[in-house]
Amino acid sequence: MKNIDSITHIKGESVYLDDIPLVKGTLFGAAFGSPIAHGVIRNLDIDDALQQPGVVKILTYKDITGINQIGGIVPDEPLLAEHHVHFIGMPVAFVVAETYDAARAAIKKIKIDIDPLPVITDPREAKEKNELIVPPRTFVLGDVDEAWSKCSYVFEGIAETNGQEHLYIETQGAYAIPQENASIKIYSSTQSPRATQQASCKVTGLSMHQVEVEVIRLGGAFGGKEDQANAWAAMCALASHLLKKPVKYSLHRMEDMVMTGKRHPYSSDFKIGLDSDLKIVAYEATFYQNAGAAADLSPAVLERTLFHCTNSYYIPNVNAKAYSCRTHLPPNTAFRGFGGPQGMFVIEAAIAKAAESLGMDASVIQKKNLNQTGDEFPYGQIAVSEAKPCWERAERIYDVATLRKEIENFNAENSLYKKGLAFMPVCFGISFTNTMMNQARALVHVYTDGSVSVTTGAVEMGQGVNTKILQVAAQVFSIQPGKVRIQSTSTHKIANTSPSAASSTADLNGIATMMACTAIKERLLKVASEALNEDVSSIEIKNEKLYVNGVDTDWDWQRLVMAAFLKRVSLSEHAHYATPEIHYDKLKEKGHPFAYHVYGTGIIIVTVDCLRGTYEFDAVKVVHDFGCSMNTAIDLGQIEGGIVQGIGWMTMEEIVYDKEGKLRSNSLSTYKVPDIYSVPKIIDIDSLESNTDNLAIFRSKAVGEPPLMYGIGAYFALRNAIKAFNPSAQISFSAPMTPEKVLLSLYQKKGISIHEQTIKYMAIPS
Ligand code: MOS
């Protein structure tokens, strides 16, 4: 089934925040952010700004009617700075004016006097200074200290990954409209209606039943709107609460890039020990997470780094420690993979280091150490599925032996172009690691004309969750998909939602929908049973017709629904689902945190232009464990998008903050995201249909985040191509591997400087 939004998207009729018709009298807001990364505010002068034409009010922390606090996990994040500023762009004041232009013009007239304090941008420096967001976490399996002596080879190193800008097409924004009796309705571009509602309540002092957050859909989020949609909504809510006027704020792209956090950069130490048979015996890692200036979701992201620190491998002795380090950057936040990719990069770097030191291809070590059913993860969960089937199927169906031969021949024949290949196995746990969050609700109404309305806590952000939920309802009732409509997400209809995140949205909300529909269906069948005087078990609804013992009746869906209504049987249901089986003990760091794991293996092939340092990805070939996909079109779309986003993170997206904590890559002219030209020429996706039991909706495994991590292979494929050109290159494990870094590595220790090489290149006749 096609994504149900495809037609309105193409016609431009899909409704995003900026498409919501404005209520008369709407005012427009804009946040004034700190120009300095760390310091004490001496004076804030808004008098000039207030005199600007069209300006209605300028809010500071003094105007807050509730509490000045929006921190989700740790209460360390004021909505508006009081006396201290902790990052450039930290909101200090909120200007409300008759137009956006007036609001933004007034911002330029605000004068702020800040006594600067030392700025930390490096997580290791923050850790040295004991600037930690939360105490460190350590995952232990076996005993590494004892294991080192059993190793034939031990390698150590450092691995670093940079951040990543979410670059959702729709920037952050919110629109608050006052309602009767001091209540407020907020439209927000948020992944987490409940969190946005809660932050707005805290700041205004209103109760949750007075503040409704409604979400129609988002133009992308990727984790960036899991927590960071809240501030803008709270500002609009506060302004609308004070002024009794509708207030809207949609961020400019550059405001968004400067003021919001990104994927967490990590710097990590690793130590890996192998026996003579290349089995990994011990692995030690220390992760320094660059959390930015406030906790935001960092502690949860940190946790997932630890959960995925051994990726797809079984390692009997593991010690992994992670520090969440407070720096003076915008608070970093959720981003597709949620710390998992950062953890996986480090183990892959450790394996690459071992392989390169031992003079072999990393895939030899990777393959030898793939986990098997029954193996224990460092967090105590026992694997009920395994990594090997995807890997072996990939080797076979993509004929890797031939691919390798072709690459070898190509590299032998070409001196200025080199190809590299890398394997990237992925094992990703599905569930929120915070067990409490694994709950969802669905509200289903069957109307008397036979049409069906479904409301859940799921937020549609392009990932296709509404299509999947619609399929669930249509399938349970056995009615045409056109009879079902998925309604917008609203905190008044579905309360206490978990964010649409952790790849779990379709599972949680889909199963809740299944439960609600099943309950209504059971009531309908009972009505039919009484009317037809037949046993319930003999009655079935199929394609909107009623069958008794497989024989057609003259009852159809609509007649059945009407019969139930006339008998005063409820045609509505609100169902609650909580993932069974999962639990986790944070004190012991052991438990069963995931409903199931998603596995896959990606093979990435790159061609490097060794004169320019530029590259193209020839192919990404994947065998992915779909479980039993309920919508192949949507799942393939998620995989393709995830791969390209992962490649972007690993190869071209380079966030640059200077020493003063100023974002230098603050627009699309300085921050390069993959475009159609950087998409791999071939993306082959083959499915492993695993029918082992899993807790996914219809056994269709979660697909949102896992594919991003195939992109990690892009970094290692590039490394292999560079090594083919310059075998002596000592390449640091530092992503992204931009063309500049590729070029430097290609000519490192070859006695040719980049400059000389450039001149030579310019002299080559074309
Ligand atoms: Mo997602 S990174 O779990 O919002």
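Residues numbered from 1 in each chain as written. Predicted model: local features only at pLDDT ≥ 70, side-chain atom pairs only at ≥ 80, totals over all residues. Heavy atoms only, no water.

Draft legend 1. Main features of the sheet that holds strand β20 (residues 489–490). Pairing is mixed in the open sheet, where eight strands are placed in the order β3-β5-β1-β12-β9-β10-β11-β20. Each edge of the open sheet is held by one strand with a lone partner, namely β3 (55–59) and β20. In this sheet, strand β5 (residues 91–97) lies alongside β3 in antiparallel orientation, the contact comprising four bridges. By the bridge assignment, Ile58 is partnered in β5 with Val95. (Pairing = 2+ DSSP bridges. Helix = DSSP H or I, 4+ residues; strand = E, 2+ residues; numbered from the N terminus.)

Draft legend 2. Structural context of the side chain of Arg336. Summarising the element assignment, Arg336 is placed in the loop between β15 (317–326) and α10 (340–358). Lacking a salt bridge, the buried Arg336 has Glu705 as its closest oppositely charged neighbour, with an N-O distance of 7.2 Å. Reaching out from Arg336, the side chain makes a polar contact with the side chain of Gln645 at a distance of 2.8 Å. Non-local contacts of Arg336, meaning those with residues more than four positions away in its chain, are made with Phe222, Arg263, Pro341, Gln638, Gly641, Gly642, Gln645, Gly704, Glu705 and Leu708. (Buried < 20%, exposed > 50% of the residue type's maximum accessible area, 1.4 Å probe, protein only. Lys, Arg positive; Asp, Glu negative; His and termini not counted. Salt bridge = Lys/Arg side-chain N within 4 Å of Asp/Glu carboxyl O. Polar contact = N/O pair within 3.5 Å; in protein donor to acceptor, adjacent residues only side chain to side chain. Contact = heavy atoms within 4.5 Å.)

Draft legend 3. Spatial organisation of the environment of Lys586. With respect to the helices and strands, the residue Lys586 is situated in the loop between β25 (583–585) and β26 (590–592). Of the residues examined, Lys586 reaches a relative accessible area of 48% and is grouped as partly exposed. Taking the C-alpha atoms as reference, Lys586 lies 9.1 Å from Arg137; in sequence the two are 449 residues apart. Those residues in contact with Lys586 that lie beyond four places of it in its chain are Arg137 and Glu303.

Draft legend 4. Quick peek at empty space enclosed by the protein. Inspection of the entire model under this criterion finds five cavities of 30 Å³ or more. Roughly 90 Å³ of volume is contained in the largest cavity. Contributing elements (two or more residues each) for the lining of the largest cavity: β17 (439–446) and α15 (505–532). Considering only residue class, the lining of the largest cavity consists of seven nonpolar, eight polar and one charged. (1 Å grid on protein atoms, 1.4 Å probe; cavity = no way out; pocket = protein on both sides within 12 Å on 5 of 7 lines; lining within 4 Å. Points joined across faces, edges and corners; volume = space filled by probe spheres on them. Nonpolar A, V, L, I, M, F, W, Y, C, P; charged D, E, K, R; others polar.)

Draft legend 5. The sheet that holds strand β29 (residues 682–688), seen in detail. Spatially, the four strands line up as an open sheet ordered β16-β27-β28-β29, and their pairing is mixed. Of all the strands in the sheet, the pair left with one neighbour each is β16 (417–430) and β29. Strand-to-strand, the axes of this sheet are offset by a mean angle of 15°, without reference to chain direction. Bridge count between strand β28 (residues 615–625) and β29: seven bridges; the pairing is parallel. Within the sheet, the bridge partner assigned to Asp625 lies in β29 and is Leu688. (Axes fitted to C-alpha atoms, helices over the stretch in contact; angles between N-to-C directions.)

Draft legend 6. Layout of the layout of surface pockets. Roughly 660 Å³ of volume is contained in the second largest pocket. Every residue lining the second largest pocket is counted, 38 residues in all, and those nearest its centre are Ile73, Arg194, Leu297, Asn434 and Met437. When contributions to the lining of the second largest pocket are tallied by element, the ones reaching two or more residues are α6 (193–204) and α9 (298–307). In the lining of the second largest pocket, the residues fall into 16 nonpolar, twelve polar and ten charged.

Draft legend 7. Spotlight on the pattern of salt bridges. Going through the model one piece at a time under the given rule, you end up with 38 salt bridges. Of the charged contacts, one joins Glu356 and Arg719 as a salt bridge, the two residues approaching to 2.8 Å between their closest N and O atoms. A residue pair is termed long-range when its members are at least 10 positions apart, and Glu356 in helix α10 and Arg719 in helix α18 (residues 712–725) qualify at 363 residues. Among the charged side chains, a salt-bridge network with shared partners connects Arg137, Glu303, Lys586 and Glu589.

Draft legend 8. Looking closely at the environment of Leu274. Looking at the secondary structure, you find Leu274 in strand β13 (residues 266–274). On the basis of relative accessibility, which here comes to 0%, the residue Leu274 falls in the buried class. A sequence separation of 167 residues divides Leu274 from Arg441, and the C-alpha atoms of the two residues are 47 Å apart. Setting aside residues up to four positions removed in sequence, Leu274 forms contacts with Cys151, Ser152, Tyr153, Phe155, Lys279, Ile280, Val281, Ala354 and Ile365.

Draft legend 9. Fine view of helix α16 (residues 557–566). Within the span of α16, buried status applies to Trp557, Leu560, Val561, Ala563 and Ala564. Projected down its long axis, α16 shows its buried positions confined to an angular sector of 160°, all on one face. Directly beyond the C-terminal end of α16, a positive phi value near 60° is found at Arg568. (Arc of directions from axis to C-beta.)

Draft legend 10. Here's a closer look at the side chain of Glu165. With respect to the secondary-structure elements, Glu165 resides in the loop between β8 (153–161) and β9 (173–178). With relative accessibility at 2%, the residue Glu165 sits in the buried group. Once residues lying within four places of it in the same chain are set aside, the contact partners of Glu165 are Asp256, Met257, Lys262, Phe335, Glu653, Ile655 and Tyr671.

Draft legend 11. Summary view of the packing of α6 against helix α7 (residues 230–243). Here α6 crosses α7 at 45°, and the two axes come no closer than 8 Å. By the angle between their directions, the pair α6 and α7 is classed as oblique. Our pair here, α6 against α7, has a crossing hand that is right-handed. Of α7, the residues touching α6 (which contributes Ala195, Thr196, Ala199, Ser200, Val203 and Thr204) are Asn230, Ala233, Ala234, Ala237, Leu238 and His241. Classifying every residue of the contact of α6 with α7 by side-chain character gives seven nonpolar, five polar and no charged. (Parallel < 35°, antiparallel > 145°, perpendicular 65-115°, else oblique. Left-handed = near helix turned anticlockwise from the far one by under 90°.)

Draft legend 12. Just the state of the cysteines, in detail. A complete count under the given rule lists zero disulfides for this structure. The thiol of Cys151 is unpaired, and the distance to the nearest cysteine sulfur, on Cys309, comes to 16 Å. Residue Cys201 stays outside any disulfide, its sulfur separated by 15 Å from that of Cys236, the closest cysteine. Residue class for Cys201 comes out buried when judged on its relative accessible area of 6%. (Disulfide = S-S within 2.5 Å.)

Draft legend 13. Just a nonpolar patch on the surface, in detail. Nonpolar side chains collect at one region of the surface, where Met562, Phe565 and Leu566 lie side by side and expose about 310 Å² of accessible area between them. Positionally, Leu566 belongs in helix α16. Residue Leu566 is classed as exposed on the basis of its relative accessible area, which comes to 64%. (Patch = residues over 30% accessible without salt bridge, like charges linked within 9 Å, V, L, I, M, F, W, Y side chains within 5 Å. Areas by Shrake-Rupley, 256 points an atom, 1.4 Å probe, with all protein chains shown as cover.)

Draft legend 14. Looking closely at the packing of α15 against α16. Their axes nearest at 9 Å, the elements α15 and α16 cross at an angle of 90°. Accordingly, the angle class assigned to the pair α15 and α16 is roughly perpendicular. Every residue of α16 that contacts α15 at Leu524, Val527 and Ala528 is listed here: Trp557, Leu560, Val561, Ala563 and Ala564. The residue inventory of the contact of α15 with α16, partitioned by class, reads eight nonpolar, no polar and no charged.

Draft legend 15. Molecular detail of the packing of aromatic side chains. Tallied over the full model, the rule gives 22 aromatic pairs. With a centroid separation of 5.6 Å and 85° between ring planes, the pair formed by Tyr379 and Phe594 is classed as edge-to-face. Here Tyr379 is found in the loop between α11 (362–368) and α12 (388–397), whereas its partner Phe594 is found in the loop between β26 and β27 (596–609), with 215 residues between them in sequence. On the basis of relative accessible area, Tyr379 is assigned to the buried category, the value being 0%. Exposure remark for Phe594: the relative accessible area of 0% places this residue in the buried category. Relative to Trp557, the ring of Phe477 has its centre 5.1 Å away and its plane inclined at 45°; by these criteria the two rings are tilted. Pair noted here: Phe477 is in helix α14 (residues 465–477) and Trp557 is in helix α16, with a separation of 80 residues, a long-range link. (Phe/Tyr/Trp six-rings, centres within 6.5 Å; stacked < 30°, edge-to-face > 60°.)

Draft legend 16. Geometry of unusual backbone geometry. Omega for the bond connecting Ala735 with Pro736 falls within 30 degrees of zero, at 10°, which places this linkage in the cis form. The topology assignment puts Pro736 in the loop between β30 (733–735) and α19 (739–746). With a phi close to 70°, Leu278 is a non-glycine residue in the positive phi region. Relative to the helices and strands, Leu278 resides in the loop between β13 and β14 (280–292). Given the relative accessible area of 10%, Leu278 is considered buried.

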